[in-house]
Amino acid sequence: MRQLHRCQFSGGTIAQTYSSDSWTNVPSTILENVSRKLHQQDNHPISITRKLIESRFPGYQHHNEFSPVVTVGQNFDSLGFPLDHPGRSRTDTYYVNKDTVLRTHTSAHQADVFRANTSDGFTISADVYRRDAIDRSHYPVFHQMEGAMTWDRKAVPEEKTLAQQIWEDVEKLPKPDIVVEDPNPTTHPERNPLQKPHTQEEAEAVAAHLKRSLENVVVEIFSKAKEAAAASTIDEVRNQAQSQEPLKVRWIEAYFPFTSPSWELEIFWQGDWLEVLGCGVISQPLLDNADAPSRVGWAFGIGLERIAMLLYEIPDIRLFWSKDSRFLSQFDEKKIRRFVPFSKYPAAPRDVAFWLPKAAAQNDVVTSTASNTSSSPSPAGGLALEAAAPALAFHENDIMEIVRSAAGDSVEDVTLVDEFTHPKTGRRSLCYRINYRSLESTLTKEQANDMHEKIRQELVSKFGVELR
Ligand code: FA5
Ligand code: MG
């Protein structure tokens, strides 16, 4: 059995070695990120954003040290993911080995923290890993903060109901001053069902506490973003800050295997609705299995990069990984100031076109990725694909991985620009445009060509494509 690199996976001193098997798909470029811990690095924008959100949850316990290597049980089973959920597939998730993954979300730790039962409210911030597309807002490693609050039925004084207790706590929260769209009923029998053990009043109270808590986070972030703009050294940015439109947010119905009812919160930002978090009423079986059957409550998961990008107007997610002082020196937790982009270096787009191997049937290529945790299982998901033709079929995420391994952070995005099926032979051809652009220097023609050639050769050797 091969061994993975020895790797500082846990908190500090203990290096853990995991044996690899036929499930292993973590490349060394990803392992290198494991030790960075941006959410714990002083004056890093991810860490500043984390602390800012934590400050809206006084009295909660804040966990920031959990190891990214978790069991399949923690990442999926404890949360009620069905066995055929696409999030479990190797095209979407990094497997250390058959039983062990790099966590795809901070929800992987929920059950353990509920079982430890050391506080009613908690947050968990951590790096999470997903095989995904390459563009300005997607990176295979990003950061999430999980938050949860539960009430123990058995601790409610006899003269009150649980719902009354929760409503009293809702009243203690600050009232956010923003425009909120929330057109749907709290529960809906098909789209967003009430769980059996809960009364409607309980679900309403938990939802109110959850929504108000998160609306307060958004208000805080935006007031800081305004301050950040007002503190900018650029006149235009300061003037713009004065005339900013009022903040608009909306709640939409969502689905997660581990909450019901569930929602996503979207923020109206630069002309578009942007999803920033998923949340809901915690599934009761999850709490039962975590030895907390008398608890009822909510949980959320928020993307820290998305929030930090709003807060500072950071234009590209790769920047968070920069060690360049032109980036790092701009952040100070004592004073939040709008990021000043350094000059953009020229882009070097290159196309790669190829025929898929003949034996790979047309529908063996999945060119759109299912959302890792939220989508319900679909028969066209990655798992079915793997089982159908393991040697030849490939997933778009496999191309992304080859690009990332060969070119690292020198690629801005990868897009499918042409797709064609030969009318006679039925063979399928794809053309991807790889946009090379470094954030830190100008790439020479030779550098771009070298990386591109490496990617072309890997596509041939790994997937047997025929270059055009
Ligand atoms: C989840 O990961 C759920 N675990 C969230 C949750 C927790 C739901 C607790 C209910 C209860 P999702 O895959 O939608 O859900 O990701 C949550 C957030 O992470 C997104 O709203 C987004 O802000 C951020 N996010 C997701 N994918 C990426 C990505 N590739 N890059 C940057 N941020 C991302
Ligand atoms: Mg989502």
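Residues numbered from 1 in each chain as written. Chains lettered and ligands numbered in written order. Predicted model: local features only at pLDDT ≥ 70, side-chain atom pairs only at ≥ 80, totals over all residues. Heavy atoms only, no water.

An unreviewed UniProt entry lists the protein under the name phenylalanine--tRNA ligase, from Aureobasidium pullulans. Check the Catalytic activity (unreviewed entry) section of the UniProt entry for the protein; it says "tRNA(Phe) + L-phenylalanine + ATP = L-phenylalanyl-tRNA(Phe) + AMP + diphosphate + H(+)". According to the UniProt record, the Subcellular location (unreviewed entry) comment for the protein reads "Mitochondrion matrix". (UniProt positions renumbered as here; feature names shortened; annotations may be inferred.)

Participant: Lay out the overall build of the protein in plain terms, naming residues and giving numbers.
Facilitator: When its secondary structure is counted, the protein shows 13 helices and 15 strands. Looking at the protein as a whole, 54% of its 468 residues are labelled buried. Partitioning the contacts of the protein with sequence separation of at least 6, the portion at a separation of at least 24 is 71%. Surface summary for the protein: the accessible area is close to 20,900 Å², and the carbon and sulfur share equals 50%. (Helix = DSSP H or I, 4+ residues; strand = E, 2+ residues; numbered from the N terminus. Buried < 20%, exposed > 50% of the residue type's maximum accessible area, 1.4 Å probe, protein only. Contact = heavy atoms within 4.5 Å. Areas by Shrake-Rupley, 256 points an atom, 1.4 Å probe, with all protein chains shown as cover.)

Participant: Which residues make up the sheet that holds strand β1 (residues 61-63), and what values go with them?
Facilitator: Ordered by their spatial adjacency, eight strands build an open sheet running β1-β5-β6-β11-β10-β9-β8-β7, and the pairing between neighbours is mixed. Two strands close off the open sheet at either side, each with one partner strand: β1 and β7 (179-181). For this sheet the average axis-to-axis angle between neighbouring strands, irrespective of direction, equals 20 degrees. Where strand β9 (residues 259-269) and strand β10 (residues 272-282) come together, nine bridges link them in antiparallel fashion. Across the sheet, residue L265 finds its bridge partner in β10, namely L277. Sitting on the sheet, helix α2 (residues 45-54) is in contact with β1, β5 (121-129), β6 (141-152) and β11 (295-303), with an inclination near 15 degrees to β6. (Pairing = 2+ DSSP bridges. Axes fitted to C-alpha atoms, helices over the stretch in contact; angles between N-to-C directions.)

Participant: Report on the packing of aromatic side chains, specifying residues and quantitative values.
Facilitator: Counted under the stated rule, the structure contains 21 aromatic pairs. For the ring pair F331 and F339, a centre distance of 6.1 Å and an interplane angle of 10 degrees mean the geometry is stacked. F331 gets classed as buried once you look at its relative accessible area, which sits at 5%. A residue is classified by how much of its surface remains accessible, and F339, at 4% relative accessible area, is buried. An aromatic cluster is defined as three or more aromatic residues linked by ring pairs; in this entry it consists of Y312, F320, F327, F331, F339 and F342. R90 extends its terminal NZ or CZ atom over the ring of W23, reaching a point 5.5 Å from the ring centre. The ring centre of F342 lies 4.5 Å from the NZ or CZ of R326, which sits over that ring. (Phe/Tyr/Trp six-rings, centres within 6.5 Å; stacked < 30°, edge-to-face > 60°. Lys NZ or Arg CZ within 6 Å of the ring centre and 35° of its normal.)

Participant: Provide a residue-level description of the sheet that holds strand β15 (residues 466-467), including the pertinent values.
Facilitator: The strand order across the open sheet built from four strands is β13-β14-β12-β15, with neighbouring strands paired in antiparallel fashion. Edge strands, defined here as strands with exactly one partner in the open sheet, are β13 (411-421) and β15. Strand contacts of helix α12 (residues 396-407): β12 (348-355), β13 and β14 (428-436), with the helix running at about 140 degrees to β13, the strand carrying the most contacts. Against the sheet, helix α13 (residues 445-463) touches β12, β14 and β15, its axis set at about 20 degrees to β12.

Participant: Tell me what's going on with the packing of helix α5 (residues 162-172) against helix α6 (residues 200-230), and back it up with residues and numbers.
Facilitator: Two numbers describe a pair of packed helices, the interaxial angle and the distance between the axes. Following both chains from N to C, one finds α5 and α6 inclined at 20 degrees, their axes separated by 8 Å at the closest point. The orientation of α5 relative to α6 falls into the category roughly parallel. Seen along the crossing, α5 lies across α6 with a hand that is left-handed. Two secondary-structure elements touch here, α5 through L162, A163, I166, W167, D169, V170 and E171 and α6 through E201, E202, E204, A205, V206, A208, H209 and R212. (Parallel < 35°, antiparallel > 145°, perpendicular 65-115°, else oblique. Left-handed = near helix turned anticlockwise from the far one by under 90°.)

Participant: Summarise the environment of E313; cite the residues concerned and give the values.
Facilitator: Here E313 lies in the loop between α9 (304-312) and α10 (325-328). The exposure class assigned to E313 is partly exposed, which follows from its relative accessible area of 23%. Non-local contacts of E313, meaning those with residues more than four positions away in its chain, are made with W269, Q270, A308, R338 and F339.

Participant: Which residues make up the pairing of β14, and what values go with them?
Facilitator: A large share of β14 lies buried, amounting to eight of its nine residues. Sheet topology places β12 next to β14; eight bridges connect them, and they run antiparallel. Paired with R350 across the strands is I434, a residue of β14. As paired strands, β13 and β14 are joined by nine bridges and run antiparallel to one another. Note on β14: the bridge partner recorded for E419 is L430. Where β13 folds back on β14, the antiparallel hairpin that results is connected by six residues, among which G426 adopts a positive phi of roughly 75 degrees.

Participant: Residue-level account of the pairing of β6, with values.
Facilitator: Counting buried positions along β6 yields 11 of 12 residues, so the element is predominantly enclosed. Note that β5 and β6 share nine bridges and pair antiparallel. Looking at the pairing, T123 lines up with G147 of β6.

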